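Residues per chain are reported as follows:
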Amino acid sequence: KKENKSVMANELEPRASHVLPAAVSAWISGRRARRESPEDVLADLGLCLASEASESEEERWLRVAYLVAECRSLCRPRSRPASAGDTTATDAARILAGASAVLVLVGADASESSGFPCFPSPAGARPVDGSPNLFERVAARHGLATPERLFEMSSFVANPAPLYDLLHELRRRECVPTTCHKLLAQLERRGSLLHAYSANVDGLESAAGVRRVSHLHGSVRLAHCCVCRAPADPARLGAVADAAHDGARAAELRCSSCSHELNHIVPALACTDDPAPCRGLEDGLRTQLPRADACLVLGQPPPAGTHAASILASLSHHVPRLLLAASRVEGHAFDAQL
């Protein structure tokens, strides 16, 4: 879907040092040969250009050319800077020390040492001994074909026992924030954390005291109404889950903020039939992405097609990127990695 944007003329002031790519010049020449106007070209791109009334058609075409060249450069995949060789802790510290608005992406590796289980990967990851992991064991215990069925809201409404069982298992694990979470908290205390986006559901960022964080897939430490999203007391939901695990009949917790017939109180986790628990994500990113002056990725780079991958790809190419992961990543486009 095209988005209508207004670009002020003075924001695209041509620079003497700015040389248009040959492909852009040829494309513009072809559109002009078909007797199209600058406004026609921008309309096809879903854009509009506000300009001075006294501006000539040649000046408008020049501004359109620069705008197309800028859009083209932003859409090109970012390549690793030529100066980025083997990096050290000093290089990483230099990037963070020179930044005042760090955007952080937190991956599963960041919580690995805490003992919190990772959800099975598409490749069917298993523990070292090859045994089923927690999610698979709970799914099998309740006769579910795949672990993904644990996160279907329709399944929860029909039978909350499997998700309550999983919540009980996750709550009884005494997981504590890792060094990665403590680094986040330190960045926030220093005033240089712009925002953190976590792909994990363990909520260890909040446990470490981080407040500027959004959970892309929800959190087991939070609860809400599955209809109106009004927050609810997670301790109360946890008590119900514990009681259900001990053999008590699962109680139905209902939302007090709405009267919908399906106003169940549920863990604030991503569901396969409601894949966007992080409401307001786009609004937040619209203001944060232009302000970011560094990006820190904790854990392996996010897989393609995920929310986190789209955030990383949306950053301006000039924003330095730092990767802190358990193992080195070859062919990456980061300025530094440890």
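See above for the structure.
Residues numbered from 1 in each chain as written. Predicted model: local features only at pLDDT ≥ 70, side-chain atom pairs only at ≥ 80, totals over all residues. Heavy atoms only, no water.

Trainee: Help me understand unusual backbone geometry, please; the structure alone is not making it clear to me.
Mentor: Working note: non-glycine residues mostly have negative phi, and peptide bonds are mostly trans. The backbone phi angle of Arg35 is positive, close to 60 degrees, even though this residue is not glycine. One non-glycine residue, Arg229, adopts positive backbone phi at about 70 degrees. With respect to the helices and strands, the residue Arg229 is situated in the loop between strand S6 (218–225) and strand S7 (231–232). (Helix = DSSP H or I, 4+ residues; strand = E, 2+ residues; numbered from the N terminus.)

Trainee: Can you walk me through the packing of helix H5 (residues 134–141) against helix H7 (residues 161–171) in this structure?
Mentor: Packed helices, taken two at a time, are described by their axes: the angle between them and the distance between them. Between H5 and H7, the shortest axis-to-axis distance is 10 Å and the interhelical angle comes to 145 degrees. Judged by the twist between their axes, the crossing of H5 over H7 is right-handed. Two secondary-structure elements touch here, H5 through Leu134, Phe135, Val138 and Arg141 and H7 through Pro162, Asp165, Leu166, Glu169 and Leu170. The residue makeup of the contact of H5 with H7, split by class, is 6 nonpolar, no polar and 3 charged. (Axes fitted to C-alpha atoms, helices over the stretch in contact; angles between N-to-C directions. Left-handed = near helix turned anticlockwise from the far one by under 90°. Contact = heavy atoms within 4.5 Å. Nonpolar A, V, L, I, M, F, W, Y, C, P; charged D, E, K, R; others polar.)

Trainee: Is there a simple way to think about the sheet that holds strand S8 (residues 265–269) in this case?
Mentor: Strand pairing in a sheet relies on backbone hydrogen bonds. The paired strands run either parallel or antiparallel. If you trace the 3 strands from one edge of the open sheet to the other, you get S7-S6-S8, paired in antiparallel fashion. Every interior strand has two partners, whereas the edge strands, S7 and S8, have only one. Judged from the 2 bridges that link them, S6 and S7 form a sheet pairing that is antiparallel. Following the sheet pairing, His224 is matched in S7 by Pro231. Packed onto the sheet, H7 meets S6 and S8 and runs at close to 55 degrees relative to S8. (Pairing = 2+ DSSP bridges.)

Trainee: I would appreciate a short explanation of helix H4 (residues 89–97) in the present structure.
Mentor: Count 3.6 residues to each turn of an α-helix, and residues three or four apart come out pointing the same way. For H4, the set of buried residues is Ala92, Ile95 and Leu96. The buried side chains of H4 occupy one side of the element, clustering within an arc of 95 degrees when seen end-on. Projecting away from the buried face of H4 at angles above 90 degrees are the exposed residues Thr90, Arg94 and Ala97. Looking at the packing, one finds that the buried side of H4 touches strand S3 (102–106), helix H8 (179–190), strand S9 (294–298), strand S10 (321–324) and strand S11 (336–337). (Buried < 20%, exposed > 50% of the residue type's maximum accessible area, 1.4 Å probe, protein only. Arc of directions from axis to C-beta.)

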